[in-house]
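Chain by chain, the residues run as shown.
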Amino acid sequence: MSSKRVERLEVGKHSQNTLDNLLHEERIHAPSGEFAAQANATSELYAQADADREAFWADQARHLHWDTEWEQVLDWSGAPFAKWFVGGKLNVAYNCVDRHVEAGNGDRVAIHWEGEPGDSRAITYAELAREVSRTANALASLGVGAGDRVAIYLPMLPEAVYSMLACARLGALHSVVFGGFSSEALRTRINDAQAKVVITADGQYRRGKAMPLKTNVDEAVAATPSVEHVLVVQRTKTDVEWNDGRDQWWHDVVEGRPASHTPEFFDSEHPLFILYTSGTTGRPKGILHTSGGYLTQAAYTHRTVFDLKPETDVYWCTADIGWVTGHTYIVYGPLANGATQVIYEGTPNTPHEGRHWDIVQKYGVTLYYTAPTTIRTFMKWGAEIPARYDLSTLRVLGSVGEPINPEAWMWYREHIGGNRAPIVDTWWQTETGAIMISPLPGVTATKPGSAQVPLPGIAAKVVDESGEQVGHGGGGLLVLDQPWPAMLRGIWGDDDRYRETYWSKFADKGYYFAGDGAKYDDDGDIWLLGRVDDVMNVSGHRISTTEVESALVSHPTVAEAAVVGASDPTTGQGIVAFVILRGGADDQASGEAAIKALRDHVAHEIGPIAKPRQIMVVPELPKTRSGKIMRRLLRDVAENREIGDVSTLADSSVMNLISAGFATSS
Ligand code: ATP
Ligand code: MG
């Protein structure tokens, strides 16, 4: 049964500048009355925010502890550099830790930490307060003070959280670098931020093996003059080289320190962290975030989008703390709200493909937040795996990082959410700091594949190239037309690049240009259509990669798909698709007839214009280390060019496999 409607294409009707709107979705899931009755969010929130945006955000900020209250909610006179809660003073770490202890919740578990080999630790808020204080005291003894930068290059260990919060407590900026990045990537990030201290571990567990980590730091800091100390957590007992004077063991420097530390209160606009974007499109940017506005929106969105009930929920976000999702939805949002959460060290298939569901069952996880790439991997492994576990505690499911294909959404709902838990598809970026567009559970009737509506207090629009809002059914570019509390305050050390990247395209309107294509459906809900750089132009039609990929993924044999536009002498660009087949489908589905069936399927789902010129079955797709498909590399393959920069790829050998296969098939 196909529940999608195909819109007839009228050639010539569409302007060159807006995206064609091709895929339609009519499977709508209204919230249950039972969920709605207990939900944190109500439809009232939208009305409140519309009536007075600044008063609305001031109400949200009052959920935090301020040492000094602000005098002005928003100062936008220095646009595009915003100031939120001007004159207010707070300590971010105090908000995330101490105040919960002072409120009598010291015995509540803050973190159920689960190591990859199966070891585990439960850390209460009282213990977290002691550990963060010890770490702050230790960092201070190493000379770290307000405004200094600290690089954190750690696996998913509790010490990563202690380190981030200790920096926040001291007013130092952390720059977390994902533990899967190379020494070269680490070195450039350390040098860009001029970090004084690097915090790392001897090694990390990856797929059941202890892998060295500190060796990367040793290589990196050979050419980072700013680094004075390297603090090393012992995790795997891997042998390490030691540089006396520079290197210090965590257990020597932190463990004996006093377990109390008096926090200083900092200005609302005091910088909190630098985080480099994932590098899907090019050279990573050092995104700068500050304190009061960021924490306000982190806590607000975590409370409303996940319907968090801190006394009873067990929340689990599967991101790495090296990404913004880990910053806002493992560290700052959940801890500001006093949540109990799971942090898992390892990969989803160690020691077996049911590990996530085993963890959900073990801790009774109620709120689960992951990425489409992970969901598609679970689909590939098969629904019989989650079916072996008790997942009945799950009550809200989240998705972030890429557009989620409607079929993956449906699979998530059925096989993980028991056709019961609402799904929140959350659109945001490193730059936005926190969730911007998402359904609200208990309020929004959800649609597979659509992030739907800006949150209360957030303004977003789909516009054409000239900045005019497109109508229902129209496609174009996503912009944010009002400043928001967690917005970036710039690119570290490069104000010009900040203005140029985000604010120059619609300078006359003052809109923030997100770089993503989007459309409105007939109800006015927003669909994210992938990066503008990836949009294809076929015979004058601007077609979204996401829509064609979603059509491919809706075929029963396809697990994942990546689509690019390759130059074509007759149509301008031709659609080239790379597909990964679902487990068991390999034998029957890679032949010529099967490829033809896939091409016809796309034509049937979205129209003949979107029929791929070529489809290639591949074993893997090139992805960033955060799991996002890197289409620009596939475009290089499809156009027989030399392959561009692969330094942010998770596995660069994937590209050799794909280009060799492409050369023989075309
Ligand atoms: P770079 O900016 O360096 O190329 P990146 O954009 O991948 O890297 P992030 O800030 O981690 O770095 O990702 C934000 C982007 O991820 C968004 O601009 C959008 O393209 C995509 N994205 C995130 N969440 C969603 C979502 N729910 N639906 C669609 N796209 C999403
Ligand atoms: Mg980006």
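Residues numbered from 1 in each chain as written. Chains lettered and ligands numbered in written order. Predicted model: local features only at pLDDT ≥ 70, side-chain atom pairs only at ≥ 80, totals over all residues. Heavy atoms only, no water.

If you check an unreviewed UniProt entry, the chain appears there as Acetyl-coenzyme A synthetase from Saccharopolyspora erythraea. What UniProt states about the chain under its Cofactor (unreviewed entry) heading is, verbatim, "Mg(2+)". Quoted verbatim from the Sequence similarities (unreviewed entry) field of the UniProt record, the comment on the chain reads "Belongs to the ATP-dependent AMP-binding enzyme family." (UniProt positions renumbered as here; feature names shortened; annotations may be inferred.)

What follows concerns the packing of helix α6 (residues 158–170) against helix α11 (residues 324–336). Where α6 contacts α11, the two axes come as close as 11 Å, and the packing angle between them is 60 degrees. It follows that α6 is oblique to α11 by the angle criterion. When the axes of α6 and α11 are compared, the crossing they make is right-handed. Counting all contacts with α6, which are made through Val161, Met164, Leu165 and Ala168, the residues of α11 involved are His327, Val331, Tyr332 and Leu335. Along the lines of polarity and charge, the residues of the contact of α6 with α11 split into seven nonpolar, one polar and no charged. (Axes fitted to C-alpha atoms, helices over the stretch in contact; angles between N-to-C directions. Helix = DSSP H or I, 4+ residues; strand = E, 2+ residues; numbered from the N terminus. Parallel < 35°, antiparallel > 145°, perpendicular 65-115°, else oblique. Left-handed = near helix turned anticlockwise from the far one by under 90°. Contact = heavy atoms within 4.5 Å. Nonpolar A, V, L, I, M, F, W, Y, C, P; charged D, E, K, R; others polar.)

What follows is about the sheet that holds strand β21 (residues 461–463). Reading across the sheet, the four strands line up as β21-β22-β23-β24 and stay open at both edges, with antiparallel pairing between neighbours. Edge positions in the sheet fall to β21 and β24 (526–531), since each has one partner strand and no second. Strand-to-strand, the axes of this sheet are offset by a mean angle of 50 degrees, without reference to chain direction. As defined by bridge partners, strand β23 (residues 512–520) adjoins β24 across four bridges and the pair is classed as antiparallel. Counterpart to Ala518 in the pairing with β24 is Leu528. Helix α16 (residues 545–553) contacts β23 and β24 of the sheet and is inclined by roughly 100 degrees relative to β24. (Pairing = 2+ DSSP bridges.)

Counting 136 residues, the largest nonpolar core has Leu128, Leu165, Tyr332 and Leu478 as the members making the most contacts within it. Among the elements that take part in this core, α6 stands out by supplying nine residues, more than any other. Aside from chain neighbours lying at most four places away, what touches Tyr332 is Val92, Cys96, Met164, Leu165, Ala168, His174, Leu272, Phe273, Tyr294, Leu295 and His327. Trp316, Leu391, Leu397 and Ile416 belong to the second-largest nonpolar core, a separate cluster that totals 26 residues. (Core = buried A, V, L, I, M, F, W, Y, C linked by side-chain atoms within 4.5 Å. Buried < 20%, exposed > 50% of the residue type's maximum accessible area, 1.4 Å probe, protein only.)

Before going further, it helps to spend a moment on the site of ligand 1. The local shell around ligand 1 holds 21 residues, among which Ser278, Thr280, Thr281, Thr430 and Lys628 are the closest. Here Thr426 contributes a backbone N or O atom positioned 2.8 Å from a nitrogen atom of ligand 1. Residue Gln429 places a side-chain N or O atom 2.9 Å away from an oxygen atom belonging to ligand 1. Coverage of ligand 1 by the protein amounts to 93% of the 640 Å² it exposes when considered alone. Class assignment for the residues of the shell around ligand 1 results in five nonpolar, nine polar and seven charged. (Near = heavy atom within 4 Å. Polar contact = N/O pair within 3.5 Å; in protein donor to acceptor, adjacent residues only side chain to side chain. Areas by Shrake-Rupley, 256 points an atom, 1.4 Å probe, with all protein chains shown as cover.)

Turning to the domain arrangement of the chain, a few remarks are in order. Domain boundaries assigned for the chain yield domain 1 (92–101 + 125–264) and domain 2 (542–664). Domain 1 and domain 2 are separated by 40 Å when their C-alpha centres are compared. (Domains from an automatic or database assignment.)

This paragraph deals with the sheet that holds strand β19 (residues 396–399). Note on sheets: strands pair through backbone hydrogen bonds, and any given pair is parallel or antiparallel. Spatial ordering of the open sheet is given by β5-β4-β17-β16-β18-β19-β20, a layout of seven strands whose pairing is mixed. At either end of the open sheet lies a strand with only one pairing partner, and these are β5 (120–124) and β20 (423–425). In this sheet, adjacent strand axes meet at a mean angle of 20 degrees when their direction is disregarded. Here three bridges tie β19 to β20, and the two strands are oriented parallel to one another.

Confidence in the prediction of the chain, expressed as mean pLDDT, is 93, and 96% of residues score 70 or more. Segment residues 1–14: pLDDT under 50, and 30 contacts once partners within four positions in sequence are set aside and those in other chains are kept. Here the complex is predicted with pTM 0.94, and the ipTM for its interfaces comes to 0.99. (pLDDT = per-residue confidence, 0-100.)

Another aspect to go through is the UniProt feature "modified residue: N6-acetyllysine" (unreviewed entry) in the chain. This chain's UniProt record puts "modified residue: N6-acetyllysine" (unreviewed entry) on Lys628. As for its position among the elements, Lys628 is in the loop between β29 (614–617) and α19 (631–638). Here Gly401 takes part through its backbone oxygen, which lies 3.1 Å from a polar atom of the side chain of Lys628.

What follows concerns the environment of Arg582. As for its position among the elements, Arg582 is in the loop between β28 (572–581) and α17 (586–589). Linking Arg582 and Asp218, residues 364 residues apart in sequence, is a C-alpha distance of 41 Å. Arg582 has contacts with Met379, Lys380, Pro556, Thr557, Val558 and Ala559, leaving out every residue within four places of it along the chain. A polar atom in the side chain of Arg582 sits 3.5 Å from the backbone oxygen of Pro556.

This next bit is on the UniProt feature "binding site: Mg(2+)" (unreviewed entry) in the chain. The UniProt record marks Val553, His555 and Val558 with the feature "binding site: Mg(2+)" (unreviewed entry), using the residue numbering of this structure. Among the annotated residues just listed, those lining the largest cavity are Val553. Residue Val553 is classed as buried on the basis of its relative accessible area, which comes to 1%. Beyond its immediate stretch of four places on either side in the chain, Val553 contacts Asn405, Glu407, Val558, Ala559, Glu560 and Ala561. Within the fold, Val558 resides in strand β27 (residues 558–568). On the accessibility criterion, Val558 (0% relative accessible area) is buried. The residues contacting Val558, other than those within four sequence positions of it, are Leu552, Val553, Val579, Ile580, Leu581, Arg582 and Leu598. (1 Å grid on protein atoms, 1.4 Å probe; cavity = no way out; pocket = protein on both sides within 12 Å on 5 of 7 lines; lining within 4 Å.)

Our focus in this paragraph is the environment of Gly457. Within the secondary structure, Gly457 sits in the loop between β20 and β21. For the pair formed by Gly457 and Met436, sequence separation is 21 residues and the distance between their alpha carbons is 9.1 Å. Residue contacts for Gly457: discarding those within four places in its chain leaves Ala49, Arg53, Phe56 and Trp57.

A word on the layout of surface pockets. Approximately 380 Å³ is the volume attributed to the second largest pocket. Around the second largest pocket sit 21 residues that line it, and Thr188, Arg189, Tyr276, Arg283 and Pro284 are the ones nearest its centre. It is helix α7 (residues 183–193) that contributes the most residues to the lining of the second largest pocket, five residues altogether. Grouping the constituent residues of the lining of the second largest pocket by class yields six nonpolar, six polar and nine charged. When residues of the lining of the second largest pocket are assigned to domains, at least three fall in each of domain 1 (92–101 + 125–264) and domain 2 (542–664). (Points joined across faces, edges and corners; volume = space filled by probe spheres on them.)

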